[in-house]
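# Results of the structural survey
One-letter residues, chain by chain:
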Number of protein chains: 2
Amino acid sequence: MSANSIFAFDVYGTLFNIQSVDATCEEHFPGQGESIGQLWRQKQIQYSFLRQAMGKYVPFSSVTKDALRFSLASHHADWTQETEQKLMKAYNHLSLFEESMHVLQKLKDQSATLIVFSNGSRDMLEPLLEQAGLNDYLDHIISVDDIKQFKPSPASYQLVLDTARVPRHEITFLSSNGWDISGAKAFGFTTAWINRSEQPTEELQLPPDYHYTTLNPLIEG
Amino acid sequence: MSANSIFAFDVYGTLFNIQSVDATCEEHFPGQGESIGQLWRQKQIQYSFLRQAMGKYVPFSSVTKDALRFSLASHHADWTQETEQKLMKAYNHLSLFEESMHVLQKLKDQSATLIVFSNGSRDMLEPLLEQAGLNDYLDHIISVDDIKQFKPSPASYQLVLDTARVPRHEITFLSSNGWDISGAKAFGFTTAWINRSEQPTEELQLPPDYHYTTLNPLIEG
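This one's a predicted model, so the numbers in the text were calculated from it and none came from an experiment. All residue numbers refer to positions counted from 1 along the written sequence of the respective chain. Just so you know, chain letters begin at A and ligand numbers begin at 1, following the order they were written in. For this predicted model, a pLDDT threshold of at least 70 governs which residues receive local features, and a threshold of 80 or more governs which side-chain atom pairs are given and counted, while totals over whole chains, interfaces and linings are taken from all residues. Note that the side-chain values use all heavy atoms of the structure and ignore hydrogens as well as water.

## Let's talk about the packing of aromatic side chains
A ring pair, where both rings are aromatic, is described by two values, the distance of the centres and the angle of the planes. Residues and elements named next belong to chain A. Keep this limit in mind: In this analysis, rings of Phe, Tyr and Trp, with Trp reduced to its six-membered ring, are considered paired at centre separations within 6.5 Å, and the interplanar angle assigns stacked below 30 degrees, edge-to-face beyond 60, and tilted for intermediate values.
For the structure shown, the criterion picks out 28 aromatic pairs over all chains. Plain terms: the ring middles of Tyr210 and Tyr212 are 6.1 Å apart, the flat faces sit at 25° to each other, and that makes the pair stacked. Each member of the aromatic cluster is reached from another via a ring pair, and the members are Tyr12, Trp40, Tyr57, Phe60, Tyr91 and Phe150.

## Let's talk about the interface of chain A and chain B
Threshold: Between two residues, a contact is recorded if the distance between any of their heavy atoms is within 4.5 Å. Throughout, buried area stands for the accessible area (probe radius 1.4 Å) lost by two parts on being put together, summed over both. Any Lys or Arg side-chain nitrogen found within 4 Å of a carboxyl oxygen on Asp or Glu counts as a salt bridge. Within 3.5 Å is the distance limit for a polar contact, defined as a pair of N or O atoms, with the added protein rule that one can donate a hydrogen and the other accept it, and that residues adjacent in sequence qualify only through two side-chain atoms.
Across the boundary between the two partners, chain A contributes 30 residues, which contact 30 residues of chain B. Together, the buried faces of chain A and chain B total about 2,600 Å²; carbon and sulfur atoms form 66% of this surface. The tally of links from chain A across to chain B stands at 2 salt bridges. The residue Lys43 of chain B makes a salt bridge to Glu202 of chain A at a minimum N-O spacing of 2.9 Å. Taken together, the links from chain A to chain B amount to 12 residue pairs in polar contact (both at pLDDT 80 or more).

## Side note on helix 3 (residues 60-74) of chain A
The following threshold applies: Secondary structure counts use DSSP, requiring at least four H or I residues in a row for a helix and at least two E residues in a row for a strand, with both numbered from the N terminus. In this analysis, the expected span of each helix is defined as 1.5 Å times one less than the number of residues it contains.
Here helix 3 of chain A contains 15 residues, and its C-alpha end-to-end distance of 21 Å stays within 8% of the 21 Å for a straight helix at 1.5 Å per residue. Looking one or two residues beyond helix 3 of chain A, the residue adopting positive phi is His76 of chain A, at roughly 55°.

## Looking at the packing of helix 1 (residues 21-28) of chain B against helix 2 (residues 33-54) of chain B
All names here are of chain B. To be explicit about the condition: Every axis in this analysis is a line fitted to C-alpha atoms, fitted for helices over the stretch in contact. Angles between the N-to-C directions lie between 0 and 180 degrees. Oblique is the label for every angle not falling under 35 degrees (roughly parallel), over 145 degrees (roughly antiparallel), or within 65 to 115 degrees (roughly perpendicular). Crossings are sorted by hand: turned counterclockwise from the far helix by less than a right angle, the near helix makes the crossing left-handed, and turned clockwise it makes it right-handed.
At a minimum axis distance of 7 Å, the contact between helix 1 and helix 2 shows a crossing angle of 130°. Of the possible angle classes, the one that applies to helix 1 and helix 2 is oblique. Note on packing geometry: the crossing formed by helix 1 with helix 2 is right-handed. Contacts from Val21, Asp22, Cys25 and Glu26 in helix 1 reach Gly33, Glu34, Ile36, Gly37, Trp40 and Arg41 in helix 2.

Set out below in structure tokens:
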């Protein structure tokens, strides 16, 4: 990748490991942590799609809490408001993937413009980025909350374009989520799918331009 | 429910058992039929939401084929075009739930207006309804394909309203899909969730008006 490149990174699952909430789930619900965490994430994504389709936007922090409640109810769990708050707080303390910080540093050294672009509302996104110490490397933090439309709507990707002010294909968008890559590709960005769990390509006739398993290839060669 | 009522039924999972494709999957991929069928359905629904959010509509028959391909690839299956066609054809021969026909007959005897309203495109929907012998009971067959927007978009439910031409709450919408019930409720229909697999209510702040586990309560007392 050349100097002065523009990179827009998805956050959840791409820079940060969302599976790190499973440990907190396990503390509160022994033996069910992984299963609760998995359904929590599935419903979180589904609810954002549904709300986008229904035109019933609420911030991603509300979507995340709703999804948690569905997952707990589905597991026949009993829980208090205090437990719910602790589980929600785990989302502000996700672990970075091991290469994330180094890749951002290297790209910044090469004078790249670094953007994060997330479905997360600022009440979730800003504490997360701050506690991870990423703010020094980021030129822009873009949340769909500013227009109240979730990815993968064209209006959401437009937010990145309005910030970067370059032709669409000059923006390289990176996400671990195949659906997010499809949306960005449909919008006209150059896309790199960080396929961390080695999933098949989504059958949406919108294949990624680049296909990696970590962020490392961005700073290699 | 009173005479002259208007009922709009979802099709897949509500009148027909979509799990009946699992047997065909099992024939072709022994030991993996249920798992292939389950992921096929999950991706089918997800792809319809994604295409609605991206504004990239294709008919549900294409969505269904794409979802099948993803599921097969995910299961590391080898398959031929012939196998694909056989599996797709299973969607035209789904089994009715045991009470579906009787309930439609009874409601028709009571002079109810009966509508089916589906994400399915007519190339899937019409052969299915015909082979099951339902056409005699149905006043209207409505497919989102006529406006190329999937449920749960408000535009899709509007199609039913345009056909029925009554105030929204006079239309009782029935679906086994919690997300479809939420969309119909957001639009203003009276909703009855046919919660066949006894799932928790979706956490979308749009609870159903009625909550049944089969269609039978529609014709009881």
